[in-house]
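These are the residues of each chain, in order.
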Amino acid sequence: MVAINSGNLAEKKTLSKRIRDSFSQVPLLAWFCGFLVAVLLERFVGDPLTELLGLPKIPALFGAVTVLKKPLLIPGTLAFLLVIYILPIIIVPRLCAPVLNRLAGWLFNVSPAVSVAIHLGLLYGILHLWADISGYRLLTLKLTLIAVIVTLSLNVINGYMGEFSCSHPGFLALGAYTASIFTLLFFVDDKVFGSALLPKFLGPFLFPVALILGGLVAAIGAIAIAVPSFRTRGDYLAIISLAFMFIIKSIIENLEFVRGPRGLSSQPNYVDLPTVFIWTVAAVWIINNFVRSTTGKALNAVRDDEMAADAMTVDTRRTKIVAFLFAAFWAGVAGGLFAHVLRYVNPSTFGIQKLAEVLAMVYFGGLNSVYGSIVGAVSLSLLGEALRPLEIFKWIIIPLLLILVMIYRPTGLIAFKEFNVMNLIRPKEKT
Amino acid sequence: MPLLQINNMSHDFGGLRAVNNYNLEIEPGQVRGLIGPNGAGKTTIFNLITGIYQPTEGDILLNGQSIVGLKPYQIAAGGLGRTFQNLRLWRHMTVLDHVKMAQYSKISYGLIGAFFGTPKRRKEEAEIEEKAYTLLELVGMANLADQLIVNLPYGDQRRVEMARALATEPRILFLDEPTAGMNPEELIKMMEIIRRVHSEFGLAIFLIEHRLKVVMELCEIIQTLVFGEVIAEGSAEEIQNDPKVIEAYLGKETIH
Ligand SMILES: Nc1ncnc2c1ncn2[C@@H]1O[C@H](COP(=O)(O)OP(=O)(O)O)[C@@H](O)[C@H]1O
Ligand SMILES: [Mg+2]
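Residues numbered from 1 in each chain as written. Chains lettered and ligands numbered in written order. Predicted model: local features only at pLDDT ≥ 70, side-chain atom pairs only at ≥ 80, totals over all residues. Heavy atoms only, no water.

1. Notes on the overall build of chain A
- A tally of helices and strands in chain A yields 17 helices and two strands.
- In terms of overall size, chain A behaves like a compact globule, its C-alpha atoms giving a radius of gyration of 24 Å where 431 residues would be expected to give roughly 22 Å.
- Along the three orthogonal principal directions, the C-alpha set of chain A runs to about 70 × 60 × 50 Å.
- Here chain A, with 431 residues, has 51% of them falling under the buried criterion.
- Contacts in chain A between residues at least 24 apart in sequence constitute 79% of all its contacts with a sequence separation of at least 6.
- Once the 35 positive and 23 negative side-chain charges of chain A are each reduced to a mean point, those two points are 5 Å apart. (Helix = DSSP H or I, 4+ residues; strand = E, 2+ residues; numbered from the N terminus. Rg over C-alpha atoms; globule rule 2.2 N^0.38 Å. Buried < 20%, exposed > 50% of the residue type's maximum accessible area, 1.4 Å probe, protein only. Contact = heavy atoms within 4.5 Å. Lys, Arg positive; Asp, Glu negative; His and termini not counted. Charge placed at Lys NZ, Arg CZ, Asp CG, Glu CD.)

In structure tokens, the structure reads:
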């Protein structure tokens, strides 16, 4: 009996190990090719296939919405997913691995920067093709990318620095309103701010200025939290930052020149997919650079033992304030993008529910980890959308999921892992 | 002029006078010891010198300049490196990152370098890393540089902490019970390292020790502290034969 059991176990182990081994030799380039094949398949044979399977249209978010509304369509949807996504993504990367390993190696030797650019280009292509299917997908994708920026920037404070901050909705609001006022004032004829002050064709070129201004205003707001919170050791940040969030919200609600609770609308349509993609890549790149530098790792030292950090020449107060303003800046930029994706903002967006959403993404994905924030933001954004038909039950399922993660992985799915782009784009050959 | 001079330093915790009228002079390259029973105020003296506490009275001069009121990181960058009695390590960081971090004050690439990964940053990080490896080599920990600190046995952690303190490039190294909790083998290694550090860098060392054997062997001058007051100061022999020390301290613990 015992012998049989242990034999089975060993077999299972070798099987899962074999699978893992065969996938561990697949370079990122090959994975991207798999995804590319999937989105191309969907584009060219998606429509005939949906007809064949009796589906009303191509499942927008991997079929979750359709399935939840009409359970009878489950087999068709599964078949669609299998043919369009699962099979290509399993088969293509493994088939192409030998060739693409050589290509990845060659590219890496030519120039890692070129290799990174090609990877990013491929990634953009995949996202573009995927989002091209429907306006709903495009909107979801844009909001997901923005969520990545927000989550990552909050992870700098709550993960890397280990303080508990609740002020991110406030920073988002400051960024959203600053950028909106900038574009509405200068480039739009509207009822609130009158006719455009600058020629409209300049708008798209000066839009980065609007976003950066939004970021800076958020960072200035952050000073109001950072200075009192980091003066002494202690846990004031959570309370002060929570107060900050409510104060910003009620200030905006009472500011008549931004139309109070009615919010601002008709922001110009500057934020297409390339814009969001570029800003997201920039945010990930800069934040990742920061947290991997010794200057940035000082945050971890402060978190793990502040007294020791002090004794090892780390200016702990400056470290905390800089990181806090830095995180606020990116939240502000994300807020500006957010306002221009929806082309409407109002203060009620930036309340406790937003806070819960962002915190969930940070803690679900994993503390102190760029991977974690990307995974957390993407999975919870998509899940939130996919579970939308469940309405109120969505707010039971997502918290339950969070509780499960907190029980089995208290620091999140992919915590404390360095995001090393060079290792990511390297060929993965047998060693 | 002595490198470090402390004049009539006292410190109160609420009503408790933890350190009373303490005086010290350390010359460059000197090795000094501080012994005393538990709770005598030894660690408090270290915390006062390194800026964690502010003395209630008295003055601390480094190279003739008062360092009272400076922030701990400024004092550390000024050349006072230390270890802690209860090993204050950073539990999510690797061995290498510990020793790199302690060179924080030498970083000059600024935020631009940190955000954009400039060539200057790459160069400086490489230099910091090289220095870190040299120090890890010195304490015999270079082969474990990539390990998370929490995965190391206690004795190894102590040696990493030593390398970390050295990375701040101290002129005086303050060691708070560096052999506490070590087995005899680890103890011998640590004493060897302290000797090596002293001869190689010409550092002044100020050592708190519980094991008399260690202080007696390493230190030129030893102070004995009881209830926050120095009751005796002198060479190892003088201390061993001082009746006050024997009564207050040695009487309770045999010399190993
Ligand atoms: N932060 C503190 N607050 C109040 N009392 C303290 C504090 N730190 C130390 N003490 C007290 O000061 C005395 C000296 O402690 P310490 O310097 O740690 O002794 P030693 O290092 O010689 O064992 C002890 O009575 C201790 O309880
Ligand atoms: Mg002590």
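2. Let's talk about the coordination of the magnesium ion (ligand 2)
Residues and elements named next belong to chain B.
- Every protein donor of the magnesium ion (ligand 2) is accounted for by T43 (OG1) and Q85 (OE1), and the metal-donor separations fall at 2.0 to 2.1 Å. With T43 in helix α1 (residues 42-49) and Q85 in the loop between β6 (80-82) and α3 (95-101), this residue pair connects regions lying 42 residues apart in the sequence.
- Of the residues examined, T43 reaches a relative accessible area of 25% and is grouped as partly exposed. (Donors = N, O, S within 2.8 Å, 3.2 Å for Na, K, Ca; no water.)

3. What to know about the interface of chain A and chain B
- Contact with chain A, which involves 29 residues of that partner, is made by 31 residues of chain B.
- Across the interface of chain A and chain B, roughly 2900 Å² is buried in total on both sides, 66% from carbon and sulfur atoms.
- The largest contributions to the chain A side of the interface with chain B come from T294, M312 and T313 of chain A, which together make up 25% of the buried area.
- The interface formed by chain A and chain B includes two salt bridges.
- Across the pair D97 of chain B and K297 of chain A runs a salt bridge whose closest N-O atoms are separated by 3.2 Å.
- Here chain A is connected to chain B by 15 residue pairs in polar contact (both at pLDDT 80 or more).
- Elements with a minimum of two residues in the side of chain A that touches chain B: α10 (273-292), α11 (294-304), α12 (306-311) and α13 (316-342) of chain A.
- The dominant element in the side of chain A that touches chain B, judged by the number of residues it contributes, is α11 of chain A, at eight residues. (Buried area = accessible area lost by both parts, 1.4 Å probe. Salt bridge = Lys/Arg side-chain N within 4 Å of Asp/Glu carboxyl O. Polar contact = N/O pair within 3.5 Å; in protein donor to acceptor, adjacent residues only side chain to side chain.)

4. Structural notes on the site of ligand 1
Residues and elements named next belong to chain B.
- Residues in close proximity to ligand 1 include F13, L16, A18, P37, N38, G39, A40, G41, K42, T43, T44 and Y53, which together make up its full environment.
- Within the backbone of G41, an N or O atom sits 3.0 Å from an oxygen atom of ligand 1.
- Within the side chain of T44, a nitrogen or oxygen atom sits 2.5 Å from an oxygen atom of ligand 1.
- Out of a free accessible area of 560 Å², ligand 1 has 62% covered by protein chains.
- Among the secondary structure elements, those contributing two or more residues to the shell around ligand 1 are β2 (16-26) and α1.
- In terms of residue count, α1 provides more of the shell around ligand 1 than any other element does, three residues in total.
- Split into classes, the residues belonging to the shell around ligand 1 amount to six nonpolar, five polar and one charged. (Near = heavy atom within 4 Å. Areas by Shrake-Rupley, 256 points an atom, 1.4 Å probe, with all protein chains shown as cover. Nonpolar A, V, L, I, M, F, W, Y, C, P; charged D, E, K, R; others polar.)

5. Comments concerning unusual backbone geometry
All names here are of chain B.
- Positioned with a positive phi, N8 is a non-glycine residue whose angle comes to about 45°.
- You can see N8 is positioned in strand β1 (residues 4-13).
- Accessibility expressed as a relative area gives 42% for N8, which makes it partly exposed.
- Its identity is not glycine, yet F227 carries a phi of approximately 50°, on the positive side.
- Within the secondary structure, F227 is located in the loop between β9 (221-226) and β10 (229-234).

6. Quick look at the sheet that holds β6 of chain B
Residues and elements named next belong to chain B.
- An order of β6-β7-β8-β3-β9-β10 is seen for the six strands of this open sheet, with the pairing classed as mixed. Of all the strands in the sheet, the pair left with one neighbour each is β6 and β10. Going from strand to strand, the sheet's axes swing by 20° on average, the running direction of each strand aside.
- Of the strand pairs in this sheet, β9 and β10 are connected by five bridges, and their pairing is antiparallel. Residue pairing across strands places I222 opposite G234, the latter belonging to β10.
- The strands touched by helix α6 (residues 154-167) are β6 and β7 (172-176); relative to β7, the strand with the most contacts, the crossing angle is about 155°. (Pairing = 2+ DSSP bridges. Axes fitted to C-alpha atoms, helices over the stretch in contact; angles between N-to-C directions.)

7. Let's talk about the side chain of H119 of chain A
Residue and element names in this part refer to chain A.
- Mapped onto the fold, H119 is located in helix α5 (residues 112-131).
- One polar contact links the side chain of H119 to the main-chain carbonyl oxygen of S115, over a distance of 2.7 Å.
- Contacts of H119, omitting those with residues within four sequence positions, involve L28, L29, F32 and I425.

8. Observations regarding the packing of helix α15 (residues 370-386) of chain A against helix α16 (residues 394-408) of chain A
Residues and elements named next belong to chain A.
- Interaxial distance between α15 and α16 falls to 10 Å at its minimum, and their mutual angle equals 155°. On the basis of the axis angle, α15 is roughly antiparallel to α16. Considering the relative orientation of α15 and α16, their crossing is right-handed. Note on element contacts: α16 touches α15 through K394, I398 and L401, opposite L380, L383 and G384. (Parallel < 35°, antiparallel > 145°, perpendicular 65-115°, else oblique. Left-handed = near helix turned anticlockwise from the far one by under 90°.)

9. Focus on the environment of L127 of chain A
Residues and elements named next belong to chain A.
- With respect to the helices and strands, the residue L127 is situated in helix α5.
- Between the alpha carbons of L127 and F277 there is a distance of 9.3 Å; along the sequence they are 150 residues apart.
- Setting aside residues no more than four positions away along its own chain, L127 makes contact with L141, L273 and F277.

10. Examining helix α14 (residues 352-365) of chain A
Residue and element names in this part refer to chain A.
- Helix length check: α14 (14 residues) gives 20 Å between terminal C-alpha atoms against 20 Å at 1.5 Å per residue, within 8%.
- Extensive coverage of α14 is indicated by the burial of ten of its 14 residues.
- Buried within α14 we find K354, L355, V358, L359, A360, M361, V362, Y363, F364 and G365.
- The secondary structure elements touched by the buried residues of α14 are α6 (135-160), α7 (168-187), α9 (237-254), α13, α15 and α16.
- Within two residues after α14, G366 carries a phi angle of roughly 135°, on the positive side. (Expected span 1.5 Å × (residues − 1).)

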